[in-house]
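A look at the structure
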Amino acid sequence: MLPTELSRVEQKDAVSLLYNNLGAGLLITVITSSALVFTFPHADEERTVQFLWWGFIALVCVLRFTDLLYFFFRTRHTDNFSYGSAFSRFSIGAIATGVTWSAYAVLVVIQNRGWAELAITCIIISAFAGGAISLLSGSRKLSTAYCAVITLPLAIALLFSDEPFHNTLSYLTFAFFIVMTSGAKKAAQFTSRSIHLKHQNDHLLSHMEQEVAKRTQEIYSLSNIDPLTSLFNRKAFSEKLYYRLQTQPNTKLAVLFIDLDGFKTINDSLGHETGDTVIRKASKRIQQNIEPSDLLCRWGGDEFLLVVEQHDQLLEDAQELITQISSPYVIDGSKLCIGATVGISYYPQHGSQHDRLIQRADMAMYHQKRTEKGRVGIFDESLREHLLRELRLRDHLENAIHRHELFLVYQPIIATDTGRIDAVEALLRWRLDNEMIPPDEFIGVAEQYGFIRAIGLWVLGEACLAGKRMHAHNPELSVSVNVSIQQLLDEDFPDEVAAILKHTDFPAHYLDLEITESLFAHDKRRLIENITQLKKTGIKVSIDDFGTGYSSLSVMQEFDVDYVKIDRSFIWSMDTGGRAIVEAVSQIGSAFNYKVVAEGVETEEQRRLLTNLGIEYLQGYLFLPPVPEEQLIKHLV
């Protein structure tokens, strides 16, 4: 019988294990039986009995070898592999071999062939019984039965023999059988557990990818769908608009930026629950007045973005949409009224980049809002002020490094288990004519006009120099530096980083380069090559603003990231859905050995909750805002 605790597929493995060990056993049987027959030749009838025994055991070995070939070349490769039939054939062969050996041993005792042959025969019987413990460990009952048929007849024959000391040998053989039985049980249990563990691991591995894909999809859904309206959120909309522009460059599109008028008054006076109801109803009205091919999202707050194809009735349709949105809302018996203002930008007339089109539709909407609410505004040259500012920033940014207008500030990253500063993030600032230009504004200008590579290398060099100075106060301090897509796609970037590290004498393993999820949509081969080259030197890699872009777990593993930084928007919205994302990221981080950093921590409650969720590192104004190097050093001392 096969071990009943094994499943069907595990029983197949147990039978395969028995057959895998059969070849060696048959070879040893043939060699040993031949050695016995030709080492101790006897005369007359005893010699005839010897050859008959040798011929019979050889026949058994041939039959078992034929069964072995049949099993390996025919039986085990079939889908309907009958492990019961194969096990029965194997068991019959094994028992037949054991009985044959036992018969020879009994003949040695009965015919009193001498101590030399008896001793060697006992040694052979003991060796085969001991070997059965491992070779037949695929089945406890078979290994026990084999030990019994090969040892017990010899023990009984010795017990009834009149020769001196045969009784002592009998008792020793009985004791040996008991020990072998115990050993066979333990060996079979070990083999059974090993086979079971193997299939358990195979099962876990086969389902891991499905679980990872499921988790990835959950994170993607949580970070791409607005939970209030079930529309696309800002990130998903931007991705889909970008994709449409790339795949349909000849299609003329219009981007409509829709802003609700008077919503803030309702939200502040009647509460967020009523405000949320208004948002949901307004979103449904918009959906009812657009085509399935149109792209719609909730941009944030009381703002919606809509992309449609340009057509002759576009302005009339946009005004009708305003009328539909502005119809009274009846909520809990109360009639509530809001309005809407729409700004429009055209592709390709007003730009070819998705973010530029959104920005100009936004500009047109706010300009229209200042002029006359409840109407449709179109981007035109009257909004040149914004463009002039952009050009001014471009002209000054080109030489901002040489004019010493750029500088770095540093924000600490706190380890939750010790409360100590384990790392700092270097953040770029720009002071232009006593005006602090927001990074969100000038970084885009730098990327658009090709300044980001030079600025990025300058930031990296300054951060490494500062990190070297900070090591005098905290030798284990790491420094994080944000890297742009243009830098990472540059084949010379790894060499440039190596040159900076050599020049500043800053240890590579204390440098952490932060990349954003948007990088995954670019040349993956080049990115992997550069990141692999950087990591060979000891540099660490983090994914910044996790959850605001699309992250494939397989790509993250290819990039071999070390840290994942959860975007501050999810930290601030943990009471309205953000917690699910934080928990999911924490679990994936644990499963794939990523360290998780929570950005934007501003309250003790957030700190407590994130610590309880197992987040390893925290960063935010609760601990310290971005400060100059000399001020940060005071907190390191």
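Description of the structure in this document. Since this is a predicted model, take the numbers as computed values, not measurements.

1. Describing the overall build of the protein chain
The helix and strand tally for the protein chain stands at 22 helices and 16 strands. Relative to the globule expectation of 26 Å for 637 residues, the C-alpha radius of gyration of the protein chain, 40 Å, shows a markedly less compact shape. In terms of principal-axis extent, the alpha carbons of the protein chain reach across some 125 × 65 × 45 Å. Buried positions account for 49% of the 637 residues belonging to the protein chain.

2. Overview of the pattern of salt bridges
Applying the stated rule across the entire model yields 24 salt bridges. Between Asp-67 and Arg-89 there is a salt bridge, with its nearest N and O atoms 2.7 Å apart. Of the two residues, Asp-67 sits in helix H2 (residues 44-75) while Arg-89 sits in helix H3 (residues 83-110), which places them 22 residues apart along the sequence. Between Glu-605 and Arg-608 there is a salt bridge, with the nearest N and O atoms lying 2.4 Å from each other. Separated by 3 residues within a single helix, Glu-605 and Arg-608 lie in helix H21 (residues 604-612), roughly one turn from each other. Overall, the relative accessible area of 47% leaves Glu-605 in the partly exposed class. On the basis of relative accessibility, which here comes to 42%, the residue Arg-608 falls in the partly exposed class. Each of Glu-425, Glu-514, Lys-565 and Glu-599 takes part in a single network of salt bridges with overlapping partners.

3. Describing the packing of aromatic side chains
Counted according to the given criterion, the structure contains 9 aromatic pairs. Relative to Trp-54, the ring of Phe-38 lies with its centre 5.5 Å away and its plane at 80 degrees, an arrangement referred to as edge-to-face. Remark: Trp-54 occurs in helix H2 and Phe-38 occurs in helix H1 (residues 8-39); sequence separation between them is 16 residues. Residue classification places Trp-54 among the partly exposed positions, given a relative accessible area of 27%.

4. Some thoughts on the layout of surface pockets
Estimates place the volume of the second largest pocket at around 330 Å³. What lines the second largest pocket is a set of 20 residues, and nearest its centre among them are Ile-290, Glu-291, Asp-294, Val-308 and His-311. Those elements giving two or more residues to the lining of the second largest pocket turn out to be strand E1 (253-261), strand E3 (303-309) and helix H10 (314-326). Looking at the lining of the second largest pocket, the element that brings in the most residues is H10, giving 5 residues.

5. Observations regarding the sheet that holds strand E2 (residues 295-300)
Spatially, 5 strands are ordered E2-E3-E1-E6-E7 in an open sheet, and the strand pairing comes out mixed. The open sheet has two free edges, formed respectively by E2 and strand E7 (376-378), since each of these has just one partner strand. The sheet shows a mean angle of 25 degrees between the axes of neighbouring strands, taken without regard to direction. Contacts between H10 and the sheet are confined to E1, E3, strand E6 (339-347) and E7, with E6 contributing the most and set at about 155 degrees to the helix.

6. So, helix H5 (residues 140-159)
Between the first and last C-alpha of H5 there are 27 Å, a value that for 20 residues agrees with the 28 Å anticipated at 1.5 Å per step. At Thr-151, H5 shows its maximal kink, close to 30 degrees; a proline, Pro-153, follows between one and four residues later. If you check which residues of H5 are buried, you get Leu-142, Ser-143, Thr-144, Tyr-146, Cys-147, Ala-148, Ile-150, Thr-151, Leu-154, Ala-155, Ala-157 and Leu-158.

7. What to know about a negative patch on the surface
There is a patch of like negative charges on the surface, built from Asp-312, Glu-316, Asp-317 and Glu-320. Relative to the assigned elements, Asp-317 resides in helix H10. Classification of Asp-317 by relative accessible area gives partly exposed; the value is 43%.

8. With respect to helix H9 (residues 272-288)
In this model H9 runs 24 Å from its N-terminal to its C-terminal C-alpha over 17 residues, within 8% of the 24 Å that 1.5 Å per residue would give. Every buried residue of H9 is accounted for by Thr-274, Gly-275, Thr-277, Val-278, Ile-279, Ala-282, Ser-283, Arg-285 and Ile-286.

9. Observations concerning a nonpolar patch on the surface
Among the surface-exposed residues, Ile-156, Leu-159, Phe-160 and Tyr-171 lie close enough to one another that they form a single nonpolar patch of about 440 Å² accessible area. Position of Ile-156 relative to the elements: it lies in helix H5.

10. Some thoughts on unusual backbone geometry
Looking along the chain, the bond that leaves Tyr-347 and enters Pro-348 is cis, with omega of 10 degrees. Locating Pro-348 in the fold gives a position in the loop between E6 and helix H11 (354-371). A positive phi angle, close to 65 degrees, is found at Ser-230, a residue other than glycine. Mapped onto the secondary structure, Ser-230 falls in the loop between helix H6 (166-224) and helix H7 (234-247). Residue classification places Ser-230 among the exposed positions, given a relative accessible area of 57%. Of note, His-404 is a non-glycine position whose phi angle comes to about 55 degrees, a positive value. Within the fold, His-404 resides in the loop between helix H12 (384-397) and strand E8 (406-415).

11. What about the environment of Val-15?
Its location among the elements puts Val-15 in helix H1. When the C-alpha positions of Val-15 and Ile-571 are compared, they lie 55 Å apart, and in sequence the two are 556 residues distant.

12. So, the pairing of E3
In terms of burial, E3 is largely enclosed, as 6 of its 7 residues are buried. Alignment of E1 against E3, held across 7 bridges, turns out to be antiparallel. Along E3, the bridge assignment pairs Asp-259 with Glu-303. Of the pairings in the sheet, the one linking E2 to E3 comprises 5 bridges and is antiparallel in character. Pairing of Arg-298 across the sheet is with Phe-304, part of E3. Counting the residues that bridge the hairpin from E2 to E3 gives 2 residues, and of these Gly-301 lies at a positive phi of roughly 60 degrees.

13. Topic: the environment of Ala-86
If you trace the backbone, Ala-86 turns up in helix H3. On the accessibility criterion, Ala-86 (0% relative accessible area) is buried.

Each value, and the rule that gives it
- Residues numbered from 1 in each chain as written.
- Predicted model: local features only at pLDDT ≥ 70, side-chain atom pairs only at ≥ 80, totals over all residues.
- Heavy atoms only, no water.
- Helix = DSSP H or I, 4+ residues; strand = E, 2+ residues; numbered from the N terminus.
- Rg over C-alpha atoms; globule rule 2.2 N^0.38 Å.
- Buried < 20%, exposed > 50% of the residue type's maximum accessible area, 1.4 Å probe, protein only.
- Salt bridge = Lys/Arg side-chain N within 4 Å of Asp/Glu carboxyl O.
- Phe/Tyr/Trp six-rings, centres within 6.5 Å; stacked < 30°, edge-to-face > 60°.
- 1 Å grid on protein atoms, 1.4 Å probe; cavity = no way out; pocket = protein on both sides within 12 Å on 5 of 7 lines; lining within 4 Å.
- Points joined across faces, edges and corners; volume = space filled by probe spheres on them.
- Pairing = 2+ DSSP bridges.
- Axes fitted to C-alpha atoms, helices over the stretch in contact; angles between N-to-C directions.
- Contact = heavy atoms within 4.5 Å.
- Expected span 1.5 Å × (residues − 1).
- Bend = angle between axes of the 7 residues up to and from the residue.
- Patch = residues over 30% accessible without salt bridge, like charges linked within 9 Å, V, L, I, M, F, W, Y side chains within 5 Å.
- Areas by Shrake-Rupley, 256 points an atom, 1.4 Å probe, with all protein chains shown as cover.
- Lys, Arg positive; Asp, Glu negative; His and termini not counted.
- Charge placed at Lys NZ, Arg CZ, Asp CG, Glu CD.

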